[in-house]
Amino acid sequence: MSSFHPDKLSVNMIPPANSAEPIEGRKYTLTHSDITGELFLDVGYVYNYEAIDEEMRDEVLAKWQRNNFGQFRLVGRAYVDGGEFSEDVSRVRFTIFQKEMMTALKGMIYGDRAFFANHPSLLDAPIYIYYDSVYPQFRQRVYYGTPRQIFKQINMRIFNYWK
């Protein structure tokens, strides 16, 4: 996956979700092909569990939720392990997730760019990813910036008026 290529992203909007709603509870399922390097993004009220490879478990799931102060944040999860892998295998999985996470987030943010056009206030919402693992050293919450920062990394000129 390593670098983001918009032409290798396929987006599937799961009705009744659309480019404007929902906000709270809006869910992203991002999967990929190791062979072609393609990214597949599903956006909806629910995660697309059918797209998840139960053996690989290399998807990234995320959703919009409010914090205790009523402000929105994008919170995601990456499944490192649930005890079925050795610590060494989990370390490799964790390292790969860390290396590829920004590409995954670029796919989510770019793939749902019409949503941000409808809700520009979410451009400055924090993005957190939880790495799920039974091993404490891999069980982490990591801050990945904001959608605005991700759009800047993609060099999206369409969003220049949002500075």
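Scroll up to find the structure this text is about.
Values in this document were obtained by computation on a predicted structure and should not be read as measured data.

A.B. asks: Pulling in residues and values, what's your account of the overall build of the protein chain?
C.D. replies: A tally of helices and strands in the protein chain yields three helices and seven strands. Ordered by position from N to C terminus, the α and β elements of the protein chain give β-β-β-β-β-α-α-β-β-α. Here the C-alpha radius of gyration of the protein chain, 15 Å, is about what a compact globule of 163 residues would show, namely 15 Å. Over its C-alpha atoms, taken along the principal directions, the protein chain stretches across nearly 45 × 40 × 30 Å.

A.B. asks: A description of the pairing of strand β2 (residues 27-32) should follow, citing residues and the corresponding values.
C.D. replies: Extensive coverage of β2 is indicated by the burial of six of its six residues. By the alternation rule, side chains of β2 split into Lys27, Thr29 and Thr31 and Tyr28, Leu30 and His32, which are all buried. Inspection of the sheet shows β2 paired to strand β3 (residues 39-44) by six bridges, in the antiparallel sense. Paired with Thr29 across the strands is Asp42, a residue of β3.

A.B. asks: How would you explain the environment of Ile129 if you had to name every residue and give the values?
C.D. replies: Within the fold, Ile129 resides in strand β6 (residues 127-132). Along the backbone, Ile129 and Arg77 are 52 residues apart, and their C-alpha atoms lie at a distance of 5.4 Å. Ignoring anything within four residues of it in the chain, the contact list for Ile129 reads Gly76, Ala78, Met101, Leu105, Gln140, Arg141, Val142 and Tyr144.

A.B. asks: Talk me through the pairing of β6; I want residue IDs and the actual numbers.
C.D. replies: Examined bridge by bridge, strand β5 (residues 72-79) and β6 share six bridges and lie parallel to one another. Considered in β6, the bridge of Ala78 is made with Tyr131.

A.B. asks: Give me the nonpolar core: which residues, what numbers.
C.D. replies: Tyr28, Trp64, Met101, Leu105, Met108, Phe116 and Tyr131 are the most contacted members of the largest nonpolar core, which totals 36 residues. Going through the elements one at a time, β2, β3, β4 (60-66), β5, α1 (87-111), α2 (113-118), β6 and α3 (147-154) are the ones with two or more residues in this core. Ranked by residues supplied to this core, first place goes to α1 with eight residues. Each residue touching Met108, except ones within four places of it in the same chain, is listed here: Tyr28, Leu30, Leu41, Val60 and Ala62.

A.B. asks: Go over α1, please, and point to the residues and values.
C.D. replies: With 25 residues, α1 ought to run about 36 Å at 1.5 Å a step, and its terminal C-alpha atoms sit 34 Å apart, in line with that. Helix geometry: α1 is bent most strongly at Glu100, by close to 45 degrees.

A.B. asks: Now, about the packing of aromatic side chains: what can you tell me, with residues and values included?
C.D. replies: How two aromatic rings sit relative to each other is set out by the distance from centre to centre and by the angle between their planes. Overall, the coordinates contain 10 aromatic pairs when judged by the stated rule. An angle of 65 degrees between the planes, with centres 5.5 Å apart, marks the rings of Phe4 and Tyr110 as edge-to-face. A residue pair is termed long-range when its members are at least 10 positions apart, and Phe4 in the segment before β1 (9-13) and Tyr110 in helix α1 qualify at 106 residues. Of the two residues, Phe4 and Tyr110, neither departs from the other in class, the shared state being buried. Geometrically, the ring pair formed by Phe94 and Tyr131 is edge-to-face, given 5.2 Å between the ring centres and 75 degrees between the ring planes. With Phe94 in helix α1 and Tyr131 in strand β6, the pair connects residues that are 37 residues apart, well separated along the chain. Neither Phe94 nor Tyr131 differs from the other in exposure class; each is buried. Ring pairing ties together the aromatic residues Trp64, Phe115, Phe116 and Phe151, which thus form one cluster.

A.B. asks: Break down unusual backbone geometry for me, citing the residues and quoting the values.
C.D. replies: Residue Pro16 is reached from Pro15 by a cis peptide bond, and omega for that bond is 10 degrees. Residue Pro22 follows Glu21 across a cis peptide bond; omega there is 0 degrees. Within the fold, Pro22 resides in the loop between β1 and β2. In this structure, Arg57 is a non-glycine residue whose phi angle is positive, near 50 degrees. With respect to the secondary-structure elements, Arg57 resides in the loop between β3 and β4.

The rules behind each value
Residues numbered from 1 in each chain as written. Predicted model: local features only at pLDDT ≥ 70, side-chain atom pairs only at ≥ 80, totals over all residues. Heavy atoms only, no water. Helix = DSSP H or I, 4+ residues; strand = E, 2+ residues; numbered from the N terminus. Rg over C-alpha atoms; globule rule 2.2 N^0.38 Å. Buried < 20%, exposed > 50% of the residue type's maximum accessible area, 1.4 Å probe, protein only. Pairing = 2+ DSSP bridges. Contact = heavy atoms within 4.5 Å. Core = buried A, V, L, I, M, F, W, Y, C linked by side-chain atoms within 4.5 Å. Expected span 1.5 Å × (residues − 1). Bend = angle between axes of the 7 residues up to and from the residue. Phe/Tyr/Trp six-rings, centres within 6.5 Å; stacked < 30°, edge-to-face > 60°.

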